[in-house]
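Chain residues, written in single-letter form:
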Amino acid sequence: MERVVVTGMNMITSLGLNLSENWENLIAGKSGVKKISLFDASQCQTQIAAELPAAFEELWPNYIKKRSADQMTRVTKACFVCAKEAVQQSGINFDEMDKNRCSVILGVVATANTSSEQNTTPQNLILKSMNNAMSAWISLEYKLQGPNYTVASACASSAYAIGLGYDMIRSGSADVVIVGGADSIVNKEEIEGFNNLYALSTENETPEKASKPFSKNRDGFVIGEGAGVLVLESETSAKARNAKILAELSGYAITSEAYNIMAPMKDGEGIAHTIQQALKNSGTDINEVDYINAHGTSTTLNDRYETMAIKKVFGEQAYKIPISSSKSMIGHTIGAAGAVELIITIQSINNSLLTPTINYDEPDPELDLDYVPNKARKQVVNCALSNSFAFGGHNAVLVIKKYC
Amino acid sequence: MAKINDNTRNEVKQTVYDFFTEECEVDASALNENTNIISDIDGDSLMFLELIEIFKKKYNLNIELKTIGKYVVKHPVETIGQLIDMTMLIIEHENNIIAFD
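Residues numbered from 1 in each chain as written. Chains lettered and ligands numbered in written order. Predicted model: local features only at pLDDT ≥ 70, side-chain atom pairs only at ≥ 80, totals over all residues. Heavy atoms only, no water.

1. Some thoughts on the overall build of chain A
The cut-off we apply is this: In this description a helix means any DSSP run of H or I spanning at least four residues, a strand means any run of E spanning at least two, and both kinds are numbered starting from the N terminus. Only the C-alpha atoms count toward the radius of gyration. The rule for a globule is 2.2 Å times the residue count to the power 0.38. The rule is simple: take the accessible area with a 1.4 Å probe, protein chains only, and divide by the maximum for that residue type; under 20% is buried, over 50% is exposed, in between is partly exposed. Here, two residues are considered to be in contact whenever any of their heavy atoms come within 4.5 Å of each other. To measure how exposed things are, a 1.4 Å probe is used in the Shrake-Rupley method; for residues, cover is taken only from the protein chains shown.
Assigned secondary structure in chain A consists of 13 helices and 14 strands. Relative to a compact globule of 404 residues, whose C-alpha radius of gyration would be 22 Å, chain A shows 19 Å and is just as compact. With the principal axes as the frame, chain A shows a C-alpha extent of 55 × 50 × 40 Å. Here chain A holds 404 residues, and 62% of them are scored as buried. Contacts spanning at least 24 positions in sequence make up 77% of the contacts within chain A whose residues lie at least 6 apart. Per element, the accessible surface of chain A, about 14,700 Å² overall, is 50% carbon and sulfur.

2. A few points about the pattern of salt bridges
Any two side chains of opposite charge can pair, on the condition that their charged atoms come close. Test applied: Salt bridge, as applied in this entry: a Lys or Arg side-chain nitrogen positioned within 4 Å of an Asp or Glu carboxyl oxygen.
All told, the structure shown has 32 salt bridges over all chains when counted by the stated rule. A salt bridge links Asp-95 of chain A to Lys-99 of chain A, with the nearest nitrogen and oxygen atoms 2.8 Å apart. Judged by its relative accessible area of 63%, Asp-95 of chain A falls in the exposed class. Among the residues examined, Lys-99 of chain A registers a relative accessible area of 18% and is labelled buried. Here Arg-9 of chain B and Asp-85 of chain B are joined by a salt bridge, their closest N and O atoms 2.9 Å apart. Of this pair, Arg-9 of chain B sits in helix 1 (residues 6-23) while Asp-85 of chain B sits in helix 4 (residues 80-93), placing them 76 residues apart in sequence. For Arg-9 of chain B, a relative accessible area of 30% gives the class partly exposed. In this structure, a network of salt bridges that share partners links the residues Lys-66, Arg-67 and Asp-70 of chain A together with Glu-22, Glu-23, Asp-44 and Glu-50 of chain B.

3. Focus on the side chain of Glu-248 of chain A
Residue and element names in this part refer to chain A. Structurally, Glu-248 is set in strand 8 (residues 247-256). Classification of Glu-248 by relative accessible area gives buried; the value is 12%. Those residues in contact with Glu-248 that lie beyond four places of it in its chain are Arg-3, Val-4, Val-5, Val-399, Ile-400, Lys-401 and Tyr-403.

4. Some remarks on the domain arrangement of chain A
Residues and elements named next belong to chain A. This is how it is decided: Segment limits for the domains were obtained from an automatic or database-derived domain assignment. Accessible area that two parts lose when put together, evaluated with a 1.4 Å probe and summed over both, is termed the buried area. What qualifies as a polar contact is a pair of N or O atoms within 3.5 Å, subject to a donor-acceptor requirement within protein and to the restriction that residues adjacent in sequence count only when both atoms come from side chains. Gly falls in the polar group here, along with every residue not listed as nonpolar (Ala, Val, Leu, Ile, Met, Phe, Trp, Tyr, Cys, Pro) or charged (Asp, Glu, Lys, Arg).
Under the domain assignment, chain A is made up of domain 1 (4-247) and domain 2 (252-401). The C-alpha-based centres of domain 1 and domain 2 are spaced at 20 Å. With 65 residues of domain 1 at the interface, the matching set in domain 2 holds 65 residues. Each partner contributes to the roughly 5,000 Å² buried at the junction of domain 1 and domain 2, and carbon and sulfur atoms together form 68% of this total. Linking domain 1 to domain 2 there are 3 salt bridges. Between Arg-218 and Asp-364 there is a salt bridge, with its nearest N and O atoms 3.0 Å apart. Across the contact surface, domain 1 and domain 2 share 25 residue pairs in polar contact (both at pLDDT 80 or more). Elements supplying a minimum of two residues to the side of domain 1 that touches domain 2: strand 1 (4-13), helix 1 (19-27), helix 7 (157-170), strand 6 (176-183) and strand 7 (226-234). Considering only residue class, the side of domain 1 that touches domain 2 consists of 35 nonpolar, 20 polar and 10 charged.

5. Things to note about the sheet that holds strand 7 of chain A
Hydrogen bonds between backbone groups are what pair the strands of a sheet, and the pairing can be parallel or antiparallel. Residue and element names in this part refer to chain A. Note the cut-off: In short, DSSP must find at least two bridges between two strands for them to pair. Lines are fitted to the C-alpha atoms to define the axes, a helix being fitted only along its stretch in contact, and any angle between axes, read from their N-to-C directions, falls within 0 to 180 degrees.
Strand order in the open sheet formed by 10 strands is 5-4-6-7-1-8-14-13-9-10, and the pairing between neighbours is mixed. Looking along the sheet, the strands with just one partner apiece sit at the ends: strand 5 (148-151) and strand 10 (323-324). On the sheet, helix 4 (residues 74-90) packs against strand 1, strand 4 (102-107), strand 6 and strand 7 and is oriented at approximately 140° with respect to strand 1.

6. Some details on the packing of aromatic side chains
Residue and element names in this part refer to chain A. Going by this rule: Geometry of aromatic contacts follows a simple scheme: Phe, Tyr and Trp rings, the Trp one being its six-membered ring, pair when their centres are within 6.5 Å, and the pair is stacked under 30 degrees between planes, edge-to-face over 60, tilted otherwise. Placement of a positive charge over a ring is assigned whenever Lys NZ or Arg CZ falls within 6 Å of the ring centre and within 35 degrees of the normal to the ring plane.
Inspection of the entire model under this criterion finds 8 aromatic pairs over all chains. Aromatic side chains Tyr-166 and Tyr-252 sit 5.6 Å apart centroid to centroid with 80° between the ring planes, which places their arrangement in the edge-to-face category. Of this pair, Tyr-166 sits in helix 7 while Tyr-252 is found in strand 8, placing the two residues 86 residues apart along the sequence. Exposure remark for Tyr-252: the relative accessible area of 10% places this residue in the buried category. Relative to Phe-221, the ring of Phe-194 has its centre 5.4 Å away and its plane inclined at 75°; by these criteria the two rings are edge-to-face. Placement of the pair is Phe-194 in helix 8 (residues 188-196) and Phe-221 in the loop between helix 8 and strand 7, with a sequence separation of 27 residues. Given the relative accessible area of 5%, Phe-221 is considered buried. One aromatic cluster in this structure is built from Phe-194, Phe-221 and Phe-391. For the cation-ring pair, Lys-77 lies above Trp-60, with the distance from its terminal atom to the ring centre recorded as 4.0 Å.

7. A look at the packing of helix 2 (residues 45-59) of chain B against helix 3 (residues 65-74) of chain B
All names here are of chain B. How we decide: Here roughly perpendicular refers to angles of 65 to 115 degrees, roughly parallel to angles under 35, roughly antiparallel to angles over 145, and oblique to all remaining angles. Note on convention: near helix rotated counterclockwise from far helix by under a right angle means a left-handed crossing. Clockwise means right-handed.
Packing of helix 2 against helix 3 brings their axes to within 12 Å, and their N-to-C directions diverge by 130°. For the element pair helix 2 / helix 3, the angle class is oblique. Helix 2 and helix 3 meet at a crossing whose hand is right-handed. Between helix 2 and helix 3, the residues in contact are Phe-48, Leu-49 and Ile-52 and Leu-65, Ile-68 and Val-72, respectively.

8. Focus on the confidence of the model for chain B
Detailed reading of predicted coordinates is not advised where the pLDDT is low. Selection criterion: pLDDT gives the predictor's per-residue confidence on a scale running from 0 to 100.
Taken over all residues, the pLDDT of chain B has a mean of 91, while the share at 70 or more is 97%. Among the scores for the predicted complex, ipTM is 0.78 and pTM is 0.94.

9. A few points about the state of the cysteines
As used in these notes, a disulfide is a covalent bond between sulfur atoms, one from each of two cysteines. Residues and elements named next belong to chain A. Under the convention used in this document: The disulfide criterion is simple: two cysteine sulfur atoms within 2.5 Å.
Within the structure shown, the criterion is met by 0 disulfides over all chains. Here Cys-44 is not cross-linked by a disulfide; its sulfur's nearest cysteine counterpart is in Cys-155, at 19 Å. Residue Cys-44 is classed as buried on the basis of its relative accessible area of 5%. Left unpaired, Cys-79 is separated from the closest cysteine sulfur, that of Cys-82, by 6.7 Å.

As C-alpha cells, then:
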C-alpha cells in the first residue's frame with residue numbers, strides 16, 4: 001500500500017491571504033473576528049464574523065480572468081486562489097504527470113450564491129451555484145482528468161474530502177489528489193438561519209472575544225470565511241520528483257452518529273468512536289499522540305462532548321495531550337474547517353509550535369484538559385489528530401504524522 | 001434575413017475580435033482566423049451563444065439556437081475563422097442554414 005504524503009498546502013482565512021501570514025497571526029494569538037462588513041447585519045442577532053481581509057478583492061484578479069470570475073462566487077474564487085498557491089508550493093508540474101491519475105476532491109457545503117453576490121446574470125446563475133464548481137475550476141486549470149468531485153458533509157466536508165483523497169492514493173488509483181475545501185456564508189440568510197438554531201455567538205460588542213472554545217462563558221460559534229487546500233501525493237510520486245514532503249497522512253476515520261440532525265451523541269460517544277477508529281485505522285497507539293487540533297466550536301455541547309470523548313479514548317493520557325481550537329481565532333470556517341485545521345496542525349508539526357486557544361479567560365471546571373490557553377507553546381509534535389464534527393452526525397478524525 | 005454587402009464580413013469580424021479581446025483579456029494582435037477559441041484563448045462554449053445573441057439583435061435575425069445546434073454537430077466551430085464563416089451563413093440564410101450540408 002502506498003504511503004500518503006502532503007507536498008503542498010495553503011490557506012486563506014480572516015487572518016491572512018496565504019499560509020505564512022496566517023501562521024504568523026495564529027502563533028501570535030490574534031483574532032480575525034470583526035463586525036460584519038459584507039452586508040448590513042445591524043438587524044441580525046449576530047453581527048460579527050471572521051471575514052477574509054479586504055485585500056482579497058485585490059488578490060484574486062492576479063489569478064482569475066474576468067470571464068471566469070463572472071462565473072464564480074466569492075468562495076469559489078477563494079478556493080481557486082488557495083489551490084493555485086498550494087500547487088505552486090508543491091512544485092508539481094502537471095504536464096510531467098499522468099493527468100489521468102491526478103484528481104480533485106473538495107469538501108463543499110455550498111457555493112454561497114446568495115444575496116451577498118452581485119452582478120449575477122441569468123447565464124451565470126447555474127455556473128455560480130453548482131456545488132461542484134470549485135473542484136471543476138481547479139481540474140480545468142490543470143487539465144486533470146482523474147475523478148473530480150465534491151463531497152458535502154457540513155462542517156466535516158473538507159475532512160471527508162481529505163480522507164477520500166487518502167484512499168485514492170493509498171489504494172494506488174491516483175498519484176496526486178488536490179483536496180480541501182472552502183466556505184463563505186457571511187450573508188443575511190445564513191447568519192439568521194444559524195441564529196434560529198441558537199448556534200452563533202452574539203457577543204457583538206467585543207468581536208475578537210466572541211469565539212471562546214472550552215471556556216465557561218462560551219455562547220456559540222463565530223462564522224468564518226476560509227479556504228484550505230492540500231496536495232496529497234503518493235510517497236513514490238513525491239520521491240520520484242524530489243518533492244519536499246511536509247507530513248504524512250497516516251490514516252483517518254469517518255463515521256455517522258445516526259443520532260440527531262444537530263446535536264452530537266450524548267457524552268461524546270460518537271466522537272470517541274471516531275477517534276478510536278482513526279487511531280486503529282492508522283495503526284497509532286494512544287501514547288503516540290502529541291497534540292489534538294480540536295473541532296472546538298465554542299458551543300456548549302461540542303466542547304463538552306469533545307472533551308469527554310478525548311478522556312474516554314485516552315484515559316489519564318488525555319491530561320498530557322495539549323488540545324487547541326483554531327476556531328478561537330479564525331472562527332468556524334464550516335466546509336473549509338477540516339482542511340484549514342489540518343494545515344495548521346501540519347504547521348505545528350513542522351515548527352514545533354502549538355497554536356493557542358485564545359479567549360480562554362474563564363475556565364469551565366467541567367472541561368479540565370490542557371487547551372493551550374491564550375499563548376502559543378513550543379512543543380515537538382510527531383503525531384497529531386485533527387477533529388471535525390458536523391450537523392447531521394458526520395464525524396471525521398485525521399491522523400497526521402511527521403514524515404520520516 | 002439580412003442583406004449582405006462587402007462590409008458585413010468586416011463588421012462581423014470586428015465584433016468577434018472585440019468580443020474575444022474583452023472576454024478573454026487577450027490583445028487583438030494575438031487573434032487570427034486560426035485561433036482556437038477554447039485551447040488558445042481559454043474561451044468557453046457560452047461565448048459562442050452570447051455572440052449569436054449579439055448578432056441576432058444587430059441583424060434582426062430569425063434563427064433558433066436548436067437550428068444552430070444541428071448545424072454545428074455537422075460543422076464543428078473551433079476557430080475564430082470558422083465562427084465568422086458560420087455567422088455569415090446565419091446572417092445570409094437564417095434558419096435555412098440547416099440545408100447546408
